[in-house]
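Single-letter residue listing:
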Amino acid sequence: MDSPNSYERIEHTADLAIRVWGPDLPALFINAASALFEMMSRPPLEDDLAREVVVEAPDSEALFVDWLNHLIYLHEVEHETYTRFAIVELTIDTLRAMVYGGKTLQKTKTIKAATYHDLAFHQTADGYETVVVFDV
Amino acid sequence: MNKTDLQRINANTYEVPLGTREFMRVPGRLYADEQILESALGDRAIEQLTNTTALPGVTKWALAMPDVHQGYGPPIGGVVPIEEANGVISPGATGYDINCGVRLLRSELEVDAVRPFLEELVNALFRFVPSGVGKGGAVRLDLAQMDGVLRKGAAWAVAQDFGTEEDTAFTEEGGSMDGYTPEAISNEAKRRGDDQLGTLGSGNHFIEVGEVTEIYDAATATAFGLFPGQLVVWIHSGSRGLGHQVCTDYVKRFQQPMRDYGIVVPDRELVCAPFASPEGQAYYAAMVGAANYAWANRQLLAHRVREAVLHVLKARIGSRALHTVYDVAHNIVKREEYSVDGKPTPLIIHRKGATRAFGPGNPAIPADYRDVGQPVLVPGNMGTASYVLAGTAQSAELSFSSACHGAGRAMSRSAAIKQVRGQELQERLRKQGIFVKGESWEGLAEEAPEAYKDVDRVVKVVHEAGIARKVAKTVPLGVIKG
């Protein structure tokens, strides 16, 4: 897992919202994915499983949401939990990544989807940050 | 947004006037008393209501019901009426749990006759109903079966002997809408739903055994088959992973076309496309399929509930069935006709956490209820009460025949977890005579009664505003949470 200091939960009346940050865009994508799996599932016993993930979208913020939604999809249908992420390629409209993990041991929360609500990347002195609201 | 931005129309109605934000096409209207208004101003619900007034084709007002609270895109408790001819359809304004909804089952039993068996009944419900995080169901669908579910909804489940035609007769839309086309729903969505039919899901989904404690309108209660002291069962669930994926797919698919159509919205989650466009029609067809899946799901859940009740109470209930009072959708898009500027106008009604509330005489209501209005099912929370309301004639004019869908959250999940421990909550409710069983302590704490608004107050506003009227109140005796 990445540093737990790469995201924080923020108040939302009904759903689940986090603020996530990273020194650059690939780190932002990775930290958000780590946060997602920390919320959804306990770590798997093994992490010898590897999968390639390719996502295309009209802009990098849409790419970010689609990346998270694709991971939610894989978690639900493949019953897999990922703990390590490597960004192979990140352009304005394409993300290619490797995700590593194992079969899900225990789910802790069902997340229906990552939403586009309030979605905007902000450049900070330390890199990038964004807020993402998940429907639970 | 603060209180001075709102205009008070009467004791239960406030508006965000046109012009408060540049993008507004119509005013935003909120049914609330002063306390509910204060609560709604405490999060971003009113700002989100205002955002929905920007959707092309929106007519008269965008609305919020008194159970309103912050969502993503529209507020929860939002209703957006849009003209079909020149307006849009928005997957984000419908939400991820397409046709999340409520079914109410009524027994012929008085609670007093079975009170010693209630804890056993809750345990049986927990065993018979697959509920929690990530659990599959007993019914695994192949592609042909999935197609049947998406086309026929609850009728598919009834054809498999998971219920009777009486169930579909007392379900909104008869438990299935027309218009699904197989290519509209992705293989990913179908795969996400293929082992979840007949499962409750987590979050705020539940099954509750309750007792009718108050009758406010005897004639309507009698028409709905309700009487004081009666044992009833509430079921709250939706379209599970299939619906979530349909929404995810279309929120993504609409991003580029929206730009191509030159539509600008204040929040990307309100992404939309003209209803008449190929994209709009594809989403509508997919939404119909997901809605049908949800009705099949609640039909299967009702079947499991009946099995559990029979298992525990067979000696007392004999062959007497649990009848469906009604089954409502509260996250859905509907094509309905209303008078706009004196002319009958086809509208696309987006209800996100709001319940259809047709008044007496509407041909869409089952014949047995047509004189009294459509049942509006309003679950409260696991510690206080729930309500059965009936739609009114004036709701067409006041709220595009819509009313609230619950109590509405007042506290975030993380705040609830900080304030409430699941074990203590279970013990506290047990002392009140309510047996609660959940998949996780944290999940239970998130849904604690104190996390919700006062349902009595919410329903009072609905009743006094005239958008639905009180018929009966039930209190919880046992609850299972996913």
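Residues numbered from 1 in each chain as written. Chains lettered and ligands numbered in written order. Predicted model: local features only at pLDDT ≥ 70, side-chain atom pairs only at ≥ 80, totals over all residues.

A. Layout of the overall build of chain A. Per the secondary structure count, chain A includes two helices and eight strands. Radius of gyration (C-alpha) of chain A: 14 Å, near the 14 Å computed for a compact globule of 136 residues. In terms of overall dimensions, chain A has a C-alpha envelope of 35 × 35 × 25 Å along the principal axes. For chain A, the residues scored as buried account for 48% of the 136 residues in total. For chain A, restricting intrachain contacts to residue pairs at least 6 apart in sequence, the fraction spanning at least 24 positions comes to 66%. (Helix = DSSP H or I, 4+ residues; strand = E, 2+ residues; numbered from the N terminus. Rg over C-alpha atoms; globule rule 2.2 N^0.38 Å. Buried ≥ 20, exposed ≤ 12 C-beta atoms within 10 Å, placed from the backbone. Contact = placed C-beta atoms within 7 Å.)

B. A look at the sheet that holds strand β3 (residues 28-31) of chain B. All names here are of chain B. Overall, mixed pairing links the seven strands, which are arranged β1-β2-β3-β4-β5-β13-β12 in an open sheet. Two strands in the sheet have a free side with no partner beyond their single neighbour: β1 (7-10) and β12 (331-340). Each strand axis lies, on average, 25 degrees off the axis of its neighbour in the sheet, ignoring direction. As judged from the six bridges shared by strand β5 (residues 76-83) and strand β13 (residues 343-352), these two strands associate in the antiparallel manner. Paired with Glu 83 across the strands is Leu 347, a residue of β13. Sheet strands touched by helix α16 (residues 455-465): β2 (13-16), β3 and β4 (62-69). Its angle to β4, the strand with the most contacts, is close to 145 degrees. (Pairing = 2+ DSSP bridges. Axes fitted to C-alpha atoms, helices over the stretch in contact; angles between N-to-C directions.)

C. Fine view of the environment of Gln 432 of chain B. Residue and element names in this part refer to chain B. Within the element layout of this structure, Gln 432 appears in the loop between α14 (422-431) and β18 (435-438). Looking at Gln 432, the number of C-beta atoms within 10 Å reads 13, which means it is partly exposed. As for Gln 432 and Ser 414, which are separated by 18 residues in sequence, their C-alpha atoms are 25 Å apart.

D. The arrangement of the confidence of the model for chain B in detail. In this model, chain B carries an average pLDDT of 95, and 98% of its residues clear a pLDDT of 70 or more. Across the assembled chains, the prediction reports ipTM 0.94 with pTM 0.97. (pLDDT = per-residue confidence, 0-100.)

E. Just the interface of chain B and chain A, in detail. Across the contact, 34 residues belong to chain B and 28 residues belong to chain A. Broken down by secondary-structure element, the contributors of at least two residues to the side of chain B that touches chain A are α7 (187-193), α9 (240-253), α10 (255-260) and α13 (413-419) of chain B. A total of seven residues in the side of chain B that touches chain A trace back to one element, the largest contributor, which is α9 of chain B. Partitioned by chemical class, the residues of the side of chain B that touches chain A number seven nonpolar, 16 polar and eleven charged. (Nonpolar A, V, L, I, M, F, W, Y, C, P; charged D, E, K, R; others polar.)

F. Molecular detail of helix α11 (residues 278-317) of chain B. Residues and elements named next belong to chain B. Its maximal kink placed at His 311, α11 deviates by approximately 65 degrees. Along α11, 29 of the 40 residues are buried, which leaves the element largely enclosed by surrounding structure. Gly 318, located one to two residues past α11, shows a positive phi value of around 55 degrees. (Bend = angle between axes of the 7 residues up to and from the residue.)

G. Up close: the packing of α9 of chain B against α11 of chain B. All names here are of chain B. Two elements in contact, α9 and α11, have axes separated by 9 Å at closest approach and are oriented at 170 degrees. Classified by the angle between their axes, α9 and α11 sit roughly antiparallel to one another. Between α9, through Arg 240, Leu 242, Gly 243, Val 246, Tyr 250 and Arg 253, and α11, the contact on the second element is made entirely by Glu 279, Tyr 283, Ala 286, Met 287, Ala 290, Tyr 293, Ala 294 and Asn 297. A per-class count over the contact of α9 with α11 returns nine nonpolar, two polar and three charged. (Parallel < 35°, antiparallel > 145°, perpendicular 65-115°, else oblique.)

H. Geometry of the packing of helix α4 (residues 143-152) of chain B against α11 of chain B. All names here are of chain B. The N-to-C vectors of α4 and α11 enclose an angle of 100 degrees; their axes lie 6 Å apart at closest approach. Judged by the angle between their axes, α4 and α11 are roughly perpendicular. Of the residues in α11, those touching α4 at Val 149, Leu 150, Arg 151 and Lys 152 are Gly 289, Asn 292, Tyr 293 and Ala 296. Split into classes, the residues belonging to the contact of α4 with α11 amount to four nonpolar, two polar and two charged.

I. Structural view of the pairing of strand β15 (residues 375-378) of chain B. Residues and elements named next belong to chain B. Here β15 shows two buried faces, one formed by Pro 375 and Leu 377 and the other by Val 376 and Val 378. Alignment of β15 against strand β16 (residues 386-391), held across four bridges, turns out to be antiparallel. If you follow Leu 377 over to β16, its bridge partner there is Val 388.

J. Expanded view of the nonpolar core. Counting 208 residues, the largest nonpolar core has Leu 68 of chain A together with Leu 125, Val 305, Leu 389 and Val 462 of chain B as the members making the most contacts within it. Ranked by residue count, the leading element in this core is α11 of chain B, at 20 residues. Residue contacts for Leu 125 of chain B: discarding those within four places in its chain leaves Ile 207, Val 305, Ala 308 and Ile 480 of chain B. (Core = buried A, V, L, I, M, F, W, Y, C linked by C-beta atoms within 7 Å.)

K. Representation of the confidence of the model for chain A within the structure. The predicted model of chain A has a mean per-residue pLDDT of 94, with 97% of residues at 70 or higher. Ranking the helices and strands of chain A by mean pLDDT puts strand β5 (residues 94-103) of chain A first, with 98, and strand β1 (residues 7-10) of chain A last, with 93.

L. Molecular detail of the sheet that holds β5 of chain A. Residue and element names in this part refer to chain A. Reading across from one edge, β3-β5-β4 is the order of the three strands in this open sheet, with antiparallel pairing throughout. Edge positions in the sheet fall to β3 (49-56) and β4 (80-90), since each has one partner strand and no second. With direction set aside, neighbouring strand axes in the sheet form an average angle of 25 degrees. The pairing of β3 with β5 spans eight bridges and is classified as antiparallel. By the bridge assignment for β5, Arg 51 is matched with Val 99. Packed on one face of the sheet, helix α1 (residues 25-40) meets β4 and β5 and runs near 170 degrees to β4. Taken strand by strand, helix α2 (residues 60-78) contacts β3, β4 and β5, and its axis lies near 140 degrees from that of β3.

M. Spotlight on the pairing of β4 of chain A. Residues and elements named next belong to chain A. In the sheet, β4 pairs with β5 via nine bridges, with the strands oriented antiparallel. Counterpart to Phe 85 in the pairing with β5 is Val 99. Between the antiparallel neighbours β4 and β5 lie three residues.

N. Spatial organisation of unusual backbone geometry. For His 79 of chain A, which is not glycine, the phi torsion reads 55 degrees and is therefore positive. One non-glycine residue with positive phi stands out, namely Asp 161 of chain B, at about 75 degrees. Along the polypeptide, Asp 161 of chain B turns up in the loop between α5 (154-159) and α6 (165-169).

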